[in-house]
Amino acid sequence: MEPQPCPFEKIHPSELHRDAGYFMTHAYNEAIEAWKKDEVPIGAVIEHGGRIIAAAHNQSRSTNDPTAHAEILAISQAAHALGDWRLNECTLYVTKEPCPMCSGALVIARIGKVFFGLPDEKMGCLGGATDLGALPRSNHHFESTGGVLEDLNHEILRAFFEKKRALNAAKKSASNDPESFPEEFESP
């Protein structure tokens, strides 16, 4: 697939302050990579012991795989890096609140903590629509914190979907324009 221009530039945070903003910036940079591949711009990184051990972005469209969300891909990378499927000592940073599938995978992976950027009241499952990380009868619970670089993460998603809607409207308009039909399809 040909790279798509992205109006957003990567941010290079200072290595001196490895806080939630630092790691979320790296997740945001992954979202930019997703945009460039015409994927929904959601990015994720997983931190262990103060360093990033996994980084991914959505790849569902390019792989034709509905499970290729940034969180799922990062979980797989982190498990491989650690040689263990249990990610108790790890923290996930993701640009948008995880969906039901990704939130369930975080429970199964025994993630230690989650920070997300943009809350999702419709499909978010770490406090938006529900909270899978706090199910009372679950054998694993984890803390999640939303709103980290929320405005930045909201802006890239908003711009991406505005672009998609404009392109779709232009295609629809062109398909209804008689000037766009080949001569053999024109009426006599």
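It should be emphasised that the depicted structure is a prediction, and the values quoted were computed from it without experimental measurement. (Residues numbered from 1 in each chain as written. Predicted model: local features only at pLDDT ≥ 70, side-chain atom pairs only at ≥ 80, totals over all residues. Heavy atoms only, no water.)

Participant: Where do I start with the nonpolar core in this structure?
Facilitator: Nonpolar side chains tend toward joint burial in soluble globular proteins. Phe8, Ile46, Leu87, Leu92, Leu106 and Ile111 are the most contacted members of the largest nonpolar core, which has 36 residues in total. At the level of elements, helix H1 (20-36), strand E1 (43-48), strand E2 (51-57), helix H3 (70-82), strand E3 (90-96), helix H4 (100-108), strand E4 (113-118) and helix H5 (150-175) are the ones that each hand at least two residues to this core. Contacts of Leu87, omitting those with residues within four sequence positions, involve Ile46, Ile75, Ala78, Ala79, Leu82, Ala109, Arg110, Ile111 and Gly112. By size, the runner-up hydrophobic cluster in this structure holds 9 residues, among which are Tyr22, Phe23, Tyr93 and Phe115. (Core = buried A, V, L, I, M, F, W, Y, C linked by side-chain atoms within 4.5 Å. Buried < 20%, exposed > 50% of the residue type's maximum accessible area, 1.4 Å probe, protein only. Helix = DSSP H or I, 4+ residues; strand = E, 2+ residues; numbered from the N terminus. Contact = heavy atoms within 4.5 Å.)

Participant: Teacher, can you tell me more about the side chain of Thr95 here?
Facilitator: Along the chain, Thr95 falls in strand E3. Setting aside anything within four residues of it in sequence, one finds Thr95 in contact with Met24, Ala27, Tyr28, Ala31, Pro41, Ile42, Gly43, Gly117, Leu118 and Asn153.

Participant: I'm lost on the pattern of salt bridges in this one. Help?
Facilitator: Once their charged atoms are close, side chains differing in charge can pair, the charge on each being opposite to the other. For the structure on display, the rule yields 9 salt bridges. The residue Glu143 makes a salt bridge to Lys113 at a minimum N-O spacing of 3.7 Å. Of this pair, Glu143 sits in strand E5 (residues 143-145) while Lys113 sits in strand E4, and the two are 30 residues apart along the sequence. Among the residues examined, Lys113 registers a relative accessible area of 26% and is labelled partly exposed. Across the pair Arg158 and Glu155 runs a salt bridge, and its minimum N-O distance is 2.2 Å. Residue Arg158 and its partner Glu155 are both found in helix H5; the two are separated by 3 residues, about one turn of the helix. Connected via shared salt-bridge partners are Lys10, Glu33 and Lys36. (Salt bridge = Lys/Arg side-chain N within 4 Å of Asp/Glu carboxyl O.)

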